[in-house]
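Remarks on the overall topology
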Amino acid sequence: MEDSIMEAIAPTEEGEEEEAAPMNERERRARAAMARFGNGDANDTTVVAAKPKPVENETADNDDEWMLVTPIEDDIDELIECITEGSSEEENASKAWATILIEQNVRNWRELANCEAQFIFSKLESAITGQPPLPSTDNIERWIDEAQSRSLEEIMLEIV
């Protein structure tokens, strides 16, 4: 795996054809990330670089511009998936916690991935009255780890 990461970030050697455009920092990082996760060839050149924002009076070609946007749609199934995969909880408890998270404006796994465990714990603590029991911060950390893993894959696909 380490070799594929190094191949992804290494400049071309003498005798090899150079790419038409030099590899920028973003492309290099995207290739290294793809190699780390085993998703594609480290030398794959399908990564599209975002154009820099235009300087004041310049116009931008929006076809090539890419921007990360966190979805704001409610997706209880994504949250339940992260909760059950992250801590092997019962489905009823997972549904109850996911419902509370949506009520507290943590609407999908991308938003869960952006949260701290203590923030989620405090939201659940203020909303839970009785059942299901309050999850531990370790369990919440695992939910967030699961959400970050799924979000990373989703974001990498958006970039490519």
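Summary of the structure given here.

Rules used throughout
- Residues numbered from 1 in each chain as written.
- Predicted model: local features only at pLDDT ≥ 70, side-chain atom pairs only at ≥ 80, totals over all residues.
- Heavy atoms only, no water.
- Helix = DSSP H or I, 4+ residues; strand = E, 2+ residues; numbered from the N terminus.
- Expected span 1.5 Å × (residues − 1).
- Buried < 20%, exposed > 50% of the residue type's maximum accessible area, 1.4 Å probe, protein only.
- Contact = heavy atoms within 4.5 Å.
- Core = buried A, V, L, I, M, F, W, Y, C linked by side-chain atoms within 4.5 Å.
- Lys, Arg positive; Asp, Glu negative; His and termini not counted.
- Salt bridge = Lys/Arg side-chain N within 4 Å of Asp/Glu carboxyl O.
- Polar contact = N/O pair within 3.5 Å; in protein donor to acceptor, adjacent residues only side chain to side chain.

The next point concerns helix H4 (residues 91-103). Relative to the 18 Å expected for 13 residues at 1.5 Å per residue, H4 spans 18 Å between its end C-alpha atoms, a close match to the ideal helical length. Here H4 has its buried residues at Ala93, Ser94, Trp97, Ala98, Ile100, Leu101 and Ile102. Against the buried residues of H4 lie helix H3 (76-87), helix H6 (117-127) and helix H7 (137-159). Taken from the residues just after H4, Asn105 is the one with a positive phi, measuring 70 degrees.

Turning our attention to the nonpolar core. One recurring pattern in soluble globular proteins is that nonpolar side chains are buried together. Formed by 24 residues in total, the largest nonpolar core has its most connected members in Trp97, Leu101, Leu112, Ile120, Leu124, Ile140 and Trp143. Going through the elements one at a time, H3, H4, helix H5 (109-113), H6 and H7 are the ones with two or more residues in this core. Looking at this core, the element that brings in the most residues is H4, giving six residues. Non-local contacts of Leu112, meaning those with residues more than four positions away in its chain, are made with Leu79, Cys82, Val106, Ile120, Trp143, Ile144 and Ala147.

Assignment of secondary structure puts Glu78 in helix H3. For the buried Glu78, which has no salt bridge, the nearest side chain bearing the opposite charge is Arg110, at an N-O separation of 7.7 Å. Only 3.2 Å separates the side chain of Glu78 from the backbone nitrogen of Trp109, close enough to count as a polar contact. Not counting chain neighbours up to four residues away, the residues in contact with Glu78 comprise Asn108, Trp109 and Glu154.

None of this, on its own, says anything about what the molecule does.
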